[in-house]
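Here's the letter readout for the chains.
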Amino acid sequence: MFRYIIRRLISAVLVMFAISVMVFLIFFATPGVNPAARIAGRSASPEVLRHVSIEFGLDKPLPIRYLIMMYHLFIKQDLTSYVNIGDKIIPQIIAAAPITLSLVFGAAVIWLIVGILGGVVAASNRGKFIDPLIMFIGIATISIPAYWLGEMVNLITQDKLHASLFPWLPNGGYVAITSNPWQWALHLLFPWLTLAALYSGIYARVLRGELINAMNEDYIRTARAKGLSERRILYRHALRCSLITIVSLFGLDFGALIGGAALLTEVVFGLQGVGWLTYQGLTNLDLPLIMGCVMYGAFFVVLASAVVDILYAYLDPRVRIAT
Amino acid sequence: MRDLKVSFSTRQGVVRAVDGLSFDVGAKEVLGIVGESGSGKSVAMYSMLGLVRDANVEITGSVKFQGREILGLSDKEMQSVRGGEVGMIFQDPMTALTPVYTVGWQLVEQLRAHNDMTKEQARERAIELLAEVGIPDPKSRVNHYPHEFSGGMRQRVVIAMALSCNPKLLIADEPTTALDVTTQAQILDLMERLQERHGSSIVIITHDMGVIAEIADRVIVMYAGRPAEIGPEIDVVRSPRHPYTWGLLGAVPRADVKNRRLVTIPGNAVSPLAVPEGCAFAARCPHKMDICDQRPVLRGANNHLDACWLTDEQRLAIRSVATTRGEA
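Here the residue index of a chain counts from 1 through its sequence in written order. Chain labels run from A onward and ligand labels from 1 onward, assigned in the order the entries are written. Note on the predicted model: pLDDT of at least 70 is required for a residue's local features to be given, and 80 or more for side-chain atom pairs to be given and counted; whole-chain, interface and lining totals, by contrast, use all residues.

Caption draft 1: Fine view of the overall build of chain B. Broken down by element type, chain B carries 11 helices and 13 strands. We compute the radius of gyration from the C-alpha atoms alone; for a globule the expected value is 2.2 Å times N to the 0.38, where N is the number of residues. Taken over C-alpha atoms, the radius of gyration comes to 21 Å for chain B, in line with the 20 Å a tight globule of 328 residues would show. Relative to its 328 residues, chain B shows a buried fraction of 42%. For every residue pair, C-beta atoms are placed from the backbone, and the pair is scored as a contact if these atoms sit within 7 Å. Across chain B, the fraction of contacts at a sequence separation of at least 24, relative to all contacts at a separation of at least 6, is 62%. The secondary structure listing takes helices from DSSP runs of H or I that are at least 4 residues long and strands from runs of E that are at least 2 residues long, numbered from the N terminus. In this scheme the burial state of a residue depends on its C-beta neighbours within 10 Å: 20 or more other such atoms mean buried, 12 or fewer mean exposed, and anything in between means partly exposed; the C-beta positions come from the backbone.

Caption draft 2: Representation of the overall build of chain A within the structure. Scanning chain A from terminus to terminus reveals 14 helices and 0 strands. Helices (α) and strands (β) of chain A occur, in sequence order from the N terminus, as α-α-α-α-α-α-α-α-α-α-α-α-α-α. Expressed as a percentage of its 323 residues, the buried residues of chain A come to 37%. Taking the intrachain contacts of chain A between residues at least 6 apart in sequence as the baseline, contacts between residues at least 24 apart amount to 70%.

Caption draft 3: Fine view of the interface of chain A and chain B. Each partner contributes residues to the interface: chain A has 20 residues there, and chain B has 23 residues. Mapped by element, the contributors of at least two residues to the side of chain A that touches chain B are helix H9 (218–225), helix H10 (230–261) and helix H14 (317–322) of chain A. With 7 residues, the single largest contributor to the side of chain A that touches chain B is H9(A). Split by residue class, the side of chain A that touches chain B holds 7 nonpolar, 4 polar and 9 charged. Here the term charged refers only to Asp, Glu, Lys and Arg, the term nonpolar to Ala, Val, Leu, Ile, Met, Phe, Trp, Tyr, Cys and Pro, and the term polar to all other amino acids, Gly among them.

Caption draft 4: Region of the structure containing the nonpolar core. Note on terminology: a nonpolar core is any set of buried Ala, Val, Leu, Ile, Met, Phe, Trp, Tyr and Cys residues joined through C-beta atoms within 7 Å. Ranked by size, the top nonpolar core spans 150 residues in total, and within it A:Leu103, B:Val158, B:Ala160, B:Val203, B:Ile204 and B:Val221 carry the most contacts. If near-sequence neighbours (up to four positions away) are discounted, B:Ala160 is found in contact with B:Leu107, B:Leu129, B:Leu130, B:Glu132 and B:Val133.

Caption draft 5: Main features of the sheet that holds strand S2 (residues 13–21) of chain B. Residue and element names in this part refer to chain B. At least two DSSP bridges between two strands are needed for those strands to be called paired. Taken in spatial order, the 3 strands make up an open sheet running S2-S1-S4, and their pairing is antiparallel. The strands lining the two open edges of the sheet, one partner per strand, are S2 and strand S4 (57–62). Pairs of neighbouring strands in the sheet enclose a mean axial angle of 10 degrees, with direction left out of account. Pairing of strand S1 (residues 2–10) with S4 involves 5 bridges; the strand directions are antiparallel. Looking across to S4, one finds that Ser7 is bridged to Glu58. Every axis corresponds to a line fitted to the C-alpha atoms, with the helix fit spanning only the stretch in contact, and the corresponding angles, defined between N-to-C directions, vary from 0 to 180 degrees.

Caption draft 6: Summary view of unusual backbone geometry. Residue and element names in this part refer to chain B. For Gln66, which is not a glycine, the phi torsion comes out positive at approximately 55 degrees. Here Gln66 is to be found in the loop between strand S5 (64–65) and strand S6 (68–69). One non-glycine residue, Ala224, lies in the positive phi region at around 50 degrees. Ala224 gets classed as buried once you count the C-beta atoms within 10 Å, which come to 25.

Caption draft 7: Local environment of the pairing of strand S7 (residues 86–89) of chain B. All names here are of chain B. Here S7 shows two buried faces, one formed by Val86 and Met88 and the other by Gly87 and Ile89. With 4 bridges joining them, S7 and strand S8 (residues 169–173) adopt parallel strand pairing. Paired with Ile89 across the two strands is Ala172, which belongs to S8.

Caption draft 8: Representation of the pairing of strand S10 (residues 218–223) of chain B within the structure. Residues and elements named next belong to chain B. Most of S10 is tucked away, with 6 of its 6 residues classed as buried. Side chains Arg218, Ile220 and Met222 of S10 all project onto a buried face; the interleaved residues Val219, Val221 and Tyr223 project onto the opposite face, where all are buried too. As paired strands, strand S3 (residues 30–35) and S10 are joined by 5 bridges and run parallel to one another. When the bridges of S10 are listed, Gly32 appears paired with Val219. In this structure, S10 lies alongside strand S11 (residues 226–232), joined through 6 bridges in antiparallel fashion. From the neighbouring strand, Ile220 faces S11, where its bridge partner is Ile230. Turn length for the S10-S11 hairpin, with the two strands adjacent in sequence and antiparallel, is 2 residues, and the turn residue Ala224 shows positive phi of about 50 degrees.

Caption draft 9: Quick look at the sheet that holds strand S9 (residues 201–206) of chain B. Residue and element names in this part refer to chain B. Pairing in this open sheet of 8 strands is mixed, and the strands run S7-S8-S9-S3-S10-S11-S13-S12 from one edge to the other. Two strands in the sheet have a free side with no partner beyond their single neighbour: S7 and strand S12 (299–301). Strand-to-strand twist across the sheet, computed as the mean angle between neighbouring axes with direction ignored, equals 15 degrees. Sitting on the sheet, helix H6 (residues 151–163) is in contact with S7 and S8, with an inclination near 170 degrees to S7. This element, helix H10 (residues 243–250), spans S10 and S11 of the sheet and lies at about 105 degrees to S10.

Caption draft 10: Local environment of the confidence of the model for chain B. Residue and element names in this part refer to chain B. Confidence scores per residue from the predictor, reported as pLDDT, run from 0 to 100. Counting all residues, the mean pLDDT for chain B is 85, and 98% of those residues have values of 70 or more. At the low end of the mean pLDDT range in chain B sits helix H11 (residues 312–325), at 76; at the high end sits helix H3 (residues 103–114), at 92. Taken over the whole predicted complex, pTM reads 0.80, whereas the ipTM for its chain interfaces reads 0.84.

Caption draft 11: Representation of the environment of B:Asn143. Residues and elements named next belong to chain B. Inspection of the secondary structure assignment puts Asn143 in the loop between helix H5 (138–141) and H6. For Asn143, a count of 12 C-beta atoms within 10 Å translates into the label exposed. In the structure, Asn143 is positioned 66 residues away from Glu77 in sequence and 32 Å away in space, judged by C-alpha atoms. Look past the residues within four positions of Asn143 in its chain and what remains in contact with it is Thr102 and Gly104.

Caption draft 12: Spotlight on helix H8 (residues 181–215) of chain A. One fewer than the residue count of a helix, multiplied by 1.5 Å, yields its expected span. If you check H8(A), its first and last C-alpha atoms are just 43 Å apart, much less than what 35 residues at 1.5 Å a residue would give, namely 51 Å. The bend at a residue is defined as the angle formed between two axes, one fitted to the seven residues ending at that residue and one fitted to the seven starting there. The sharpest bend along H8(A) measures roughly 45 degrees and falls at A:Leu189, with the proline A:Pro191 sitting one to four residues further on.

Caption draft 13: Broad picture of H6(B). Residue and element names in this part refer to chain B. Taking 1.5 Å as the rise per residue, H6 with 13 residues should run 18 Å; its terminal C-alpha atoms sit 18 Å apart, in good agreement. The complete set of buried residues in H6 reads Met153, Arg154, Gln155, Arg156, Val157, Val158, Ile159, Ala160, Met161, Ala162 and Leu163. If you follow the buried residues of H6, they end up packed against S7, H3, helix H4 (119–132), S8 and helix H7 (181–198).

If you want it as structure tokens, here you go:
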């Protein structure tokens, strides 16, 4: 098991390296694109262009440029934006990270509880009315785009019904948990619900499918023949086996979201997290910022994938033999 | 069991999986139920324990266990019967155990569900049980997962689980079908020894006459959900009365007769959707008569019953011809 973990982590590092090379090549080696102009931003003066060329070593061969880029990114951490002149990228990302973390964490707790509950209720009441009802709600929430839902929520809570139903709700923005936990939660309440809505649907549907599959397995029949109660069979046998899939799914979703995939939700609610930052970078075509955000996001996805693989081996003993 | 009938309502019609099965199992007795696939043997046993959960099933009849009617009991009431008084082992040992828990955990689960034991006591008992079924090094194997055992070993674990609460009755649904022949012999041997030691009765379901000859005291031959022949194993195997049994026994390949074509029963097993009103086997029976349009009654002497209209004289005539031809 320990050797498996080591091997998995090494492989994660290699994947990160491959991603960094790919990102670098996309930004700096796409034919027909002048990297200097891209980095310097729109309407940059010739001196800026020359400065960029020197700083990023654009006259040097490709591998050297790559190393310089990585050096700026990781070691000196002084990658500077040219669009918002002088803003350092890395500190920006670091400052934005807790906001994204708060958003994703809270939403994850909500969607896990709702999703798993929904899946279990639907599977154990299979065929009765509540089963298709939950599945319908699930598919509805999956289909609603996050930005639309977010805007609608905003419209209702901040605008139309703000005075009547939601006077207690603050006007958007973010308050750190360290300064005021209650305000922190209040500010994040509707962003949490909006983000959780989408994922609850997916998880409820997936879990229901997995549970129904599991209940048809031979080992469930054995458990019943042992004289165990239906409840125990559902929770201790069927659910335990189905959770393996859910955990894998969750790991990847969580990793991607931490890395900034909740872009639209953050923008709609005015939360200046990593997703919001990426959005800013994209609209301003701020190349260093985009690079930084992409690497940040990629790092978390790779890490999450490695953790999920290791967790999978822990949850499903059959996998351990193969490793 | 008396007159058990199990039918499923499907879109294609009513499937009569079991159509009037009655038998008794005495203490310490081994009853074998033999028949082709689809003869209803497994369904009969499952519905007895309430393991048939389909919404479209209809079960009638009476099943008494130690004087108590168990057909139609609520799930909660059945939970003490299942595993506690009636143990069951299934056909495919590879998928019979929950993959995410150790073998010891699963044994302890069953022990504690039916007995008032602490975890340590249950664990000790689990190790004893594993030793009893012949698992080597039980102290360390008790912490292993099912996939770390071979097929034969897993079946032994399943047997250990089924016998863990000293059930009065053990139902074995084709326990050796998925195993190779040597393992099969070992498992049957184990079951016989355990049966003597624990004093339980066994109902063994199989399609293999060899298994019947090996281990059964009494036999029921089933065809199309109906009993074709019931009797002591010696009688049914040495002097079978029903043409279907003749076919089954005759179909066993003989190692001592050279160059003999494999004998088969002509035709295909009747579909449970289209079981005829009369004798179910009539269409394939070489001795069919007009009277076979009526469903034969189960009759006979000396506890050896059969559902066939042939008289004893007719049977004698047919069998002596067959013997001289070398077909018996």
